[in-house]
Number of protein chains: 2
Amino acid sequence: MTEWMLSKVGWQPPDSSGVLVHGGSLANLTALLAARARAFPSAWEQGTPAEAVILVPAGTHVSVARAASILGLGSRAVHPLPCDDLGRTRGERVAEAIELQHRAGRRVMAVIANACAPTTGLYDPLEAMATACRDKRVWLHVDAAHGGSALLVPELRTLLRGIEQADSVTWDAHKMLRTSTLAAAVLIRRSEDLHHALRQSADYLFFNDARTGPDLMHCTVEGSKAELGLKIFLNLAWRGEQGLAAYVHGRHQAARTLWRMVSARNTFEALSEPESNLVCFRYADGNDPHSEVRHIAIRDRLMGQGTFHLASSLVRNRRWWRATVMSPASDQAIFTQLLDTLEIAYQEASY
Amino acid sequence: MTEWMLSKVGWQPPDSSGVLVHGGSLANLTALLAARARAFPSAWEQGTPAEAVILVPAGTHVSVARAASILGLGSRAVHPLPCDDLGRTRGERVAEAIELQHRAGRRVMAVIANACAPTTGLYDPLEAMATACRDKRVWLHVDAAHGGSALLVPELRTLLRGIEQADSVTWDAHKMLRTSTLAAAVLIRRSEDLHHALRQSADYLFFNDARTGPDLMHCTVEGSKAELGLKIFLNLAWRGEQGLAAYVHGRHQAARTLWRMVSARNTFEALSEPESNLVCFRYADGNDPHSEVRHIAIRDRLMGQGTFHLASSLVRNRRWWRATVMSPASDQAIFTQLLDTLEIAYQEASY
């Protein structure tokens, strides 16, 4: 399965390698382990050096900062990349951001790019970021946990242009490849970087050599594994690559429909034109001082009723509802119902 | 499910807490994260300090040293505990070992105890180790991944005496609780230590507060989870606690049968009387200079034939076959077949 996923990124075994892990958090952790091994080959034996830092865009998934703390860098080592007001990395300023860290005596272990950002559904400019990272010899990790599946859709692939120049990619099968939770891939451009991520004792490797077939146990944080590839494969075999691509494309189009419907009502405002199946919008409540509380309370009420499951994001210092258009059944009629429900809830809100 | 497992250790919620994770490696990693947070409360923000070390018995599972490297301590921070020649910790010397590290300017973040050791199936003296750790205010982690299930059997529970004085316990359900791979528990005596293991941003916690029911997502390395508790529960519901206990006890007794059969043949030698369902033995080949190679080659040949799946351990500088008596079908007839096969293979060996 990882070979198929590698090929979608534009990579081929044996030059490139991937492993399946239990979720995007472990995939990001594994990618950062590989990045740490590249930047600091002695870290596995000597510990994480104090000068190690990572650069992340606004709206990066919480698991990236968690990984930095788990790996011994500490949360203080997570520095922000220059972003526009929608939280997208300003690609032309990445080289300068790296330079700034290096001049301060720190060492950038990895730059993170979001494809797409879990908070907004918007894609970072991968090509510009990859160029900057290559020039500065810094590891580029693309967190495509949610948005990697757009690689299957010719019309959407352009959003991920440059991903093949990254060093590592996280891609969750349980997000848009219709696979049950958890099943994520961490894909690494240079195979040796994956093999260096987690080193083993000689005794262990000895036995590994004696085994037949590929055995990537020494490349995973988990050690023993469940049969993650099988459930991804069964979905692919049943629906076909075109079937999965049609699903992904269809959900992107449905998200655009929701966005157009939001924009057509003056009771709502949308954060931006969606690039994925995530749509951020809010009630157009002007300067309502209770805006934050109301948006959250309404989200919780809908969740409690079991009618609609909205997430929420904080962007431009404001609270947005975030709709993830996943279900094949979500259509215009359901979106109308959602927007009507939200309008009434907001107008009735007494909190 | 974790509440049931906690109660078997001798702990109760809400004072104690546990989470299910994808395997013993992640359970050990999580326990060491909690230990790091206790010893170095600022590590999450400031990074892992260079003076952090852990003390481990011989034959500790490879995932413990891996966790030390992942967490930024480095493999140099993994120091051996004084052990007897079977690799069991000498409980009376643990306090002194801790003291030695502290006098050298290092800080012991955790002491590891094996219950049982994956290499030999023998149990460390938990009570003596717990006393030493309490006196020295050092975290005691018991890796009971394999051997924790003996807690269900009154006749075997004594092997784990003192486990309730530990700070954390790893217990795999997919080893002896008849649950499919992967399903492991990390159990923590003081709930607050689990909650400090992985800290979250305020924004994240805010939403957590709004949820109904227990949500331990912020206490797991994985983040989103699969329904691990369900598969443990279904086994427990179907077989009953007594059914599982009878299975564990039965496999221990079968292992003793194998050990007696090994001891009765002068062609074999056993490492020691087994304390679990692991039996280490070897061909009594005296000073055969090819002993190591032959033991491994025979193991690989049986594996290749698909007849018997033996593991192997290096103890007292010699290679031992390690039989894990798991299958309810393994009985005296099968053990006879195993020993006959090994005898013939060794006598025919030309390598």
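Small disclaimer: the values here were computed from a predicted structure and weren't measured.

### Here we look at the domain arrangement of chain A
Residue and element names in this part refer to chain A. By the assigned domains, chain A splits into domain 1 (2-226) and domain 2 (240-348). For domain 1 and domain 2, the distance between their C-alpha centres works out to 29 Å. With 25 residues of domain 1 in contact, the opposing surface of domain 2 contributes 23 residues. Taking both sides of the interface into account, the surface hidden between domain 1 and domain 2 amounts to around 2,100 Å²; carbon and sulfur atoms contribute 65%. The largest per-residue losses of area from domain 1 upon contact with domain 2 belong to L86, M176 and R178, which jointly make up 25% of the total buried on that side. Linking domain 1 with domain 2 are three salt bridges. Between E241 and K8 there is a salt bridge, with the nearest N and O atoms lying 2.6 Å from each other. Linking domain 1 to domain 2 there are eight residue pairs in polar contact (both at pLDDT 80 or more). Those elements giving two or more residues to the side of domain 1 that touches domain 2 turn out to be α1 (2-9) and α7 (173-176). Tallied by class, residues from the side of domain 1 that touches domain 2 come to 14 nonpolar, five polar and six charged.

### Quick look at a nonpolar patch on the surface
A cluster of nonpolar side chains, L230(A), F233(A) and L234(A), forms an exposed patch at the surface whose accessible area comes to about 300 Å². Looking at the secondary structure, you find L234(A) in helix α10 (residues 228-264).

### Some points on the sheet that holds strand β8 (residues 268-270) of chain A
Residues and elements named next belong to chain A. In space, the four strands of this open sheet follow the order β8-β9-β11-β10, with antiparallel pairing throughout. Of all the strands in the sheet, the pair left with one neighbour each is β8 and β10 (311-315). Between one strand axis and the next, the sheet turns by 40° as a mean value, whatever way the strands run. Relative to strand β11 (residues 318-324), β10 runs antiparallel, the two sharing five bridges. Bridge assignment links S312 to a residue of β11, and that residue is W321. This element, α10, spans β8, β9 (278-283) and β11 of the sheet and lies at about 135° to β8. Along the sheet, helix α12 (residues 332-348) contacts β8, β9 and β11; its crossing angle with β9, the most-contacted strand, is approximately 30°.

### Describing helix α1 (residues 2-9) of chain B
Residue and element names in this part refer to chain B. Burial analysis of α1 places six of its eight residues in the buried class, the great majority of the element. Every buried residue of α1 is listed here: T2, W4, M5, L6, K8 and V9. The secondary structure elements touched by the buried residues of α1 are β1 (17-21), β6 (168-172), β7 (184-188) and α10 (228-264).

Parameters at a glance
- Residues numbered from 1 in each chain as written.
- Chains lettered and ligands numbered in written order.
- Predicted model: local features only at pLDDT ≥ 70, side-chain atom pairs only at ≥ 80, totals over all residues.
- Heavy atoms only, no water.
- Domains from an automatic or database assignment.
- Contact = heavy atoms within 4.5 Å.
- Buried area = accessible area lost by both parts, 1.4 Å probe.
- Salt bridge = Lys/Arg side-chain N within 4 Å of Asp/Glu carboxyl O.
- Polar contact = N/O pair within 3.5 Å; in protein donor to acceptor, adjacent residues only side chain to side chain.
- Helix = DSSP H or I, 4+ residues; strand = E, 2+ residues; numbered from the N terminus.
- Nonpolar A, V, L, I, M, F, W, Y, C, P; charged D, E, K, R; others polar.
- Patch = residues over 30% accessible without salt bridge, like charges linked within 9 Å, V, L, I, M, F, W, Y side chains within 5 Å.
- Areas by Shrake-Rupley, 256 points an atom, 1.4 Å probe, with all protein chains shown as cover.
- Pairing = 2+ DSSP bridges.
- Axes fitted to C-alpha atoms, helices over the stretch in contact; angles between N-to-C directions.
- Buried < 20%, exposed > 50% of the residue type's maximum accessible area, 1.4 Å probe, protein only.

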